[in-house]
Amino acid sequence: AFMQSWNSFLWPLIILRSPELQTLQVALQALQGQYTTQWDVVMAGSVVSVLPMLALYVVAQRYVVQGVASSGLK
């Protein structure tokens, strides 16, 4: 549920009009122009958007591995 909320794009794109309230995913989309795109800025923003999910995984890695191990799949 956290990943779904973090990566939501369509709902904030429709609802939010103020640039100060935009989510990171909507702001990344706004960086892409019709004819040119600053790929260095877009890639840096993509790395920043992945960091919270990576940090959450590192913190909860023990529980993820334990859940996979106890699921009974071999």
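My aim in this report is to walk through the structure given alongside it, one point at a time. (Residues numbered from 1 in each chain as written. Predicted model: local features only at pLDDT ≥ 70, side-chain atom pairs only at ≥ 80, totals over all residues. Heavy atoms only, no water.)

A look at the overall build of the chain
Thinking step 1. Check the secondary structure of the chain and you find four helices and zero strands.
Thinking step 2. Helices (α) and strands (β) of the chain occur, in sequence order from the N terminus, as α-α-α-α.
Thinking step 3. For 74 residues, the compact-globule formula gives about 11 Å, and the C-alpha radius of gyration of the chain, at 17 Å, lies well above that figure.
Thinking step 4. Taken over the C-alpha atoms alone, the chain extends approximately 50 × 30 × 20 Å along its principal axes. (Helix = DSSP H or I, 4+ residues; strand = E, 2+ residues; numbered from the N terminus. Rg over C-alpha atoms; globule rule 2.2 N^0.38 Å.)

A word on helix α4 (residues 39-69)
Thinking step 1. At A60, α4 shows its strongest bend, of approximately 65 degrees.
Thinking step 2. Of all the positions in α4, only V42, G45, S49 and M53 are classed as buried. (Bend = angle between axes of the 7 residues up to and from the residue. Buried < 20%, exposed > 50% of the residue type's maximum accessible area, 1.4 Å probe, protein only.)

Some details on the side chain of Q25
Thinking step 1. Counting through the fold element by element, Q25 comes out in helix α3 (residues 24-30).
Thinking step 2. Look past the residues within four positions of Q25 in its chain and what remains in contact with it is W6, N7, S8, F9 and S49. (Contact = heavy atoms within 4.5 Å.)

Regarding a nonpolar patch on the surface
Thinking step 1. Together, L24, V47, V48, V50, L51, L54, Y57, V58, V64 and V68 line one region of the surface with nonpolar side chains, adding up to about 860 Å² of accessible area.
Thinking step 2. No other element matches α4, which puts nine residues into the nonpolar patch.
Thinking step 3. Structurally, L24 can be placed in helix α3.
Thinking step 4. By relative accessible area, which is 30% here, L24 ends up partly exposed. (Patch = residues over 30% accessible without salt bridge, like charges linked within 9 Å, V, L, I, M, F, W, Y side chains within 5 Å. Areas by Shrake-Rupley, 256 points an atom, 1.4 Å probe, with all protein chains shown as cover. Salt bridge = Lys/Arg side-chain N within 4 Å of Asp/Glu carboxyl O.)

Side note on the packing of aromatic side chains
We describe a pair of aromatic rings using the distance from one ring centre to the other and the angle between the two ring planes.
Thinking step 1. All told, the structure shown has zero aromatic pairs when counted by the stated rule.
Thinking step 2. One residue, R62, lies across the ring of Y63, its end atom 5.6 Å from the ring centre. (Phe/Tyr/Trp six-rings, centres within 6.5 Å; stacked < 30°, edge-to-face > 60°. Lys NZ or Arg CZ within 6 Å of the ring centre and 35° of its normal.)

Section: the side chain of S49
Thinking step 1. In this structure, S49 sits in helix α4.
Thinking step 2. Side-chain polar atoms of S49 contact the backbone oxygen of S46, separated by 2.8 Å.
Thinking step 3. Residue contacts for S49: discarding those within four places in its chain leaves W6, L24, Q25 and L28. (Polar contact = N/O pair within 3.5 Å; in protein donor to acceptor, adjacent residues only side chain to side chain.)

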